[in-house]
Amino acid sequence: MKKIRFIAQKELYHILRDMRSLIIIFVMPVMMTCLYGYAINMDIEHISLAVIDQDQTVQSRALIERFYRSNYFFPPKYPVNYHDPDQLMRASNAAAVLTIQPGFERAVQTQQAFELGLTIDGSEVSQAAAVQAYASGLLNEYLQDRLPPGTTLPGVRLAQQVLYNEDLESAHFFVPGIVSIILLMVSALLTSITIAREKDTGTLEQLLTAPVSPGQILIGKLLPYIGIAFIDGLLVLGFAKILFSVPFVGSFWLLMAVELIYVATALSIGILVSTMVPTQQLAMQFALLLTMLPSVMLSGFIFAVKNMPVFLQGVSRIVPATYFLKVVRGIMLKGSGFAVLAPQAGFLLILMMIFLLMAVRRFRARIG
Amino acid sequence: MNGNAVEISGLTRKFGDFTAVDHLTLSVARGEIFGFLGANGAGKTTAIRMLCGLLLPTSGQGSVDGHDILKESEKIKKTIGYMSQKFALYRDLTARENLDFYGHLYNLGNSTLKARINELAEQLSLTPFIDRLAGALPMGWRQRLALGVSIIHRPSIVFLDEPTAGVDPVFRRTFWGLLYEMAEQGTTIFVTTHYMDEAEYCGRISIMHNGQLIELGTPHDLVAKYGAKNLEDMFIDLIRPAGASNEEN
């Protein structure tokens, strides 16, 4: 409708003339990408790994070399010699110990079942998870190079391989999460102040005496932000891709399409917050609180959703980042197509509708 | 259009235990300049907000321009103009952009709107300021702009809540000149004010006190009725016995 267009245009003027909005739009996402990205990235690279090689063969040395050549593991600073992993770990201050028992080479050559020992320092939870993921990833790579083509039987296993799926291959695992969380926070923050600002400055009173409906006002306000948040998404994705050299195997356009839905959902959260609180300050705090904590803790960014208690699994379903995280991981790392990701996009659309309807209801109630 | 511009009976609004407007009954004829007087906190603004569809009454009924205030607020919004006590326009938009925005919300076409903005800028002496940000305008010009926005769509009734608060006497004179012109063309003007000299300009005035309407009539009749020297003395005499604050502004 025409009125929506004019509200959108007016909103765009507000954005472009407000230094604070511009900073939230352009500076914050880039800053957060660097900050989050590096903080998390640094933590999980260069993990000190000690090795007990009881096989002492070409194959076992090749495996060790493969581990150390990766960016993820390096030998302990003070090499010591123990046969017991526990002792070795404490003496060398390593985060993990790889034990290669005798018979490894033979097992690789003959495709026999074999178990390698991986002892992990569990006190650093996220690092421990990364060690497991990297080690199994590196081992798989190593084995694949040696398997005759067409063979699928994995002969050698890591004894500690319990959690986590093949997604967890590298630090790239975290980047999609960072992208999802930053986009959600920035988007919600942007719209959270729109209605609150009109309440703050008193302009809402004049606006409400004009013949426009709450729906028209809210959608008109949403529209320019969809464009802006979409560009933000490109910015964050681009930055993350360049900075952390994440692979991108899937369809760019599919990711863009889902990103559009995702930012619209995030912006709806902001709009909803905006109708609930009286001041801009409160709106911003509320928007951050509502988006950051659940996204970091419950989206599967750090903790796998399937390991959560049932109640929290339920909560994670209303966290938009849960869905977008899967989409970004799927598209960037696995090259998943539309068929696989359609349910996620669908859930995001449903969430957006719910948030928007709640916002319109709240807004209408306020006028009465 | 038939009937009165404003017709209300028993209009009441409570906020918790506090009754802001208490059984207000009055009617305003078309083309009338109706002065709505009362001390601060007397309930004027609450009453106006109910008439403009910004607030629902707790009880009572009324119509504005023939439309029911309870059920037809969407229709009312199309025919009224409203100027808030507090400056309620976008400070980060220019005067022209504010006028343009509201013009479009009232469904004015581009060419009509352009002509109307030029006309208003001329009438309100806003032309030199038209492309300045509203937030950067001097007080008096902000009020002119706010009036301009409230009449951009040539409403049949305008509600002006303290339109001249904080502006200089010269401009107040001009402002009232404009209101007279509009009234002559058939616009109903419903205005609240603190200035008794302004109240003299009104066709009829009503006086509200503690949420209730305590007096209604032409300025001349009221002064005569109370044997007061002028409207100001009458007003103060009328308000004081009930123990209300006499503080102006």
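Now for a description of the structure that goes with this document. (Residues numbered from 1 in each chain as written. Chains lettered and ligands numbered in written order. Predicted model: local features only at pLDDT ≥ 70, side-chain atom pairs only at ≥ 80, totals over all residues.)

## Some words on the overall build of chain B
Helix and strand counts for chain B come out as nine helices and ten strands. The C-alpha radius of gyration computed for chain B amounts to 18 Å, which stays within 12% of the reference 18 Å derived for 249 residues, consistent with globular compactness. In terms of principal-axis extent, the alpha carbons of chain B reach across some 55 × 40 × 35 Å. Looking at the 249 residues of chain B, the share that counts as buried comes to 48%. (Helix = DSSP H or I, 4+ residues; strand = E, 2+ residues; numbered from the N terminus. Rg over C-alpha atoms; globule rule 2.2 N^0.38 Å. Buried ≥ 20, exposed ≤ 12 C-beta atoms within 10 Å, placed from the backbone.)

## Digging into the sheet that holds strand 3 (residues 33–38) of chain B
Residue and element names in this part refer to chain B. On the basis of which strands lie adjacent, the open sheet formed by six strands has the order 6-7-8-3-9-10 and mixed pairing. Only two strands of the sheet have a single neighbouring strand rather than two, namely strand 6 (80–83) and strand 10 (212–217). Pairs of neighbouring strands in the sheet enclose a mean axial angle of 15°, with direction left out of account. Pairing between strand 3 and strand 8 (residues 188–192): four bridges, direction parallel. Residue pairing for strand 8: isoleucine 33 is matched across the bridge by isoleucine 189. Seen against the sheet, helix 1 (residues 44–51) touches strand 3, strand 7 (157–161), strand 8 and strand 9 (204–209) and runs at an angle of roughly 150° to strand 7. (Pairing = 2+ DSSP bridges. Axes fitted to C-alpha atoms, helices over the stretch in contact; angles between N-to-C directions. Contact = placed C-beta atoms within 7 Å.)

## A word on the pairing of strand 1 (residues 47–53) of chain A
Residues and elements named next belong to chain A. Where strand 1 and strand 2 (residues 73–74) come together, two bridges link them in parallel fashion. Paired with isoleucine 47 across the two strands is phenylalanine 73, which belongs to strand 2. The handedness of the strand 1 to strand 2 crossover, carried by helix 3 (residues 58–69), is right-handed. Bridge analysis of strand 1 against strand 3 (residues 96–100) gives five bridges, and the strand direction is parallel. Among the inter-strand pairings, leucine 49 is bridged to a residue of strand 3, identified as alanine 96. (Right-handed = clockwise from strand over helix to strand, strands pointing away.)

## Description of the packing of helix 1 (residues 2–16) of chain A against helix 3 (residues 95–105) of chain B
Where helix 1 of chain A contacts helix 3 of chain B, the two axes come as close as 9 Å, and the packing angle between them is 160°. Here helix 1 of chain A is positioned roughly antiparallel relative to helix 3 of chain B, judged by the angle of their axes. With respect to the hand of their crossing, helix 1 of chain A and helix 3 of chain B are arranged in left-handed fashion. Residues A:Lys3, A:Phe6, A:Lys10 and A:Tyr13 of helix 1 of chain A touch helix 3 of chain B, and the partners they reach there are B:Glu97, B:Phe101, B:His104 and B:Leu105. Its residues assigned to classes, the contact of helix 1 of chain A with helix 3 of chain B comprises four nonpolar, one polar and three charged. (Parallel < 35°, antiparallel > 145°, perpendicular 65-115°, else oblique. Left-handed = near helix turned anticlockwise from the far one by under 90°. Nonpolar A, V, L, I, M, F, W, Y, C, P; charged D, E, K, R; others polar.)

## Here's the deal with the interface of chain A and chain B
Residue-level contacts link 18 residues of chain A with 22 residues of chain B. Looking at the side of chain A that touches chain B residue by residue, the classes come out as six nonpolar, seven polar and five charged.

## Here's the deal with the packing of helix 7 (residues 174–201) of chain A against helix 10 (residues 252–276) of chain A
Residues and elements named next belong to chain A. At a minimum axis separation of 7 Å, helix 7 and helix 10 run at an interaxial angle of 35°. Of the two possible hands of crossing, helix 7 and helix 10 adopt the one that is right-handed. On helix 10, the residues that touch Leu183, Leu184, Ser187, Ala188, Leu189, Leu190, Thr191, Ser192, Ile193, Thr194, Ile195 and Ala196 of helix 7 are Tyr262, Val263, Ala266, Leu267, Ile269, Gly270, Ile271, Val273, Ser274 and Thr275. When the residues that make up the contact of helix 7 with helix 10 are grouped by side-chain class, the tally is 15 nonpolar, seven polar and no charged.

## Brief notes about the environment of B:Val223
All names here are of chain B. When you line up the elements, valine 223 lands in helix 8 (residues 219–226). When the C-alpha positions of valine 223 and aspartate 233 are compared, they lie 8.7 Å apart, and in sequence the two are ten residues distant. What valine 223 contacts, discounting residues up to four positions off in sequence, is Ala228, Asn230, Leu231 and Met234.

## Some remarks on the nonpolar core
Core analysis: the biggest nonpolar cluster contains 148 residues, and A:Leu183, B:Phe159, B:Ile189 and B:Phe190 have the highest contact counts within it. Broken down by element, the residue count for this core peaks at 16 residues, all from helix 7 of chain A. In this structure B:Phe190 touches B:Val6, B:Val28, B:Phe34, B:Phe36, B:Ile157, B:Val158 and B:Phe159, once residues within four positions along its chain are discounted. One finds A:Ala94, A:Ile100, A:Ala133 and A:Ala135 within the second-largest nonpolar core, a separate group that totals 30 residues. (Core = buried A, V, L, I, M, F, W, Y, C linked by C-beta atoms within 7 Å.)

## Notes on the sheet that holds strand 5 (residues 67–68) of chain B
All names here are of chain B. Strand order in the open sheet made by the four strands is 2-1-4-5, with antiparallel pairing throughout. One side of each edge strand has no neighbouring strand; the edge strands of this open sheet are strand 2 (18–28) and strand 5. When strand 4 (residues 59–64) meets strand 5, the two strands line up antiparallel, connected through two bridges. Bridge pairing in strand 5 links valine 64 to histidine 67. Across the sheet, helix 1 is in contact with strand 1 (6–15), strand 2 and strand 4; its angle to strand 1 comes to roughly 120°.

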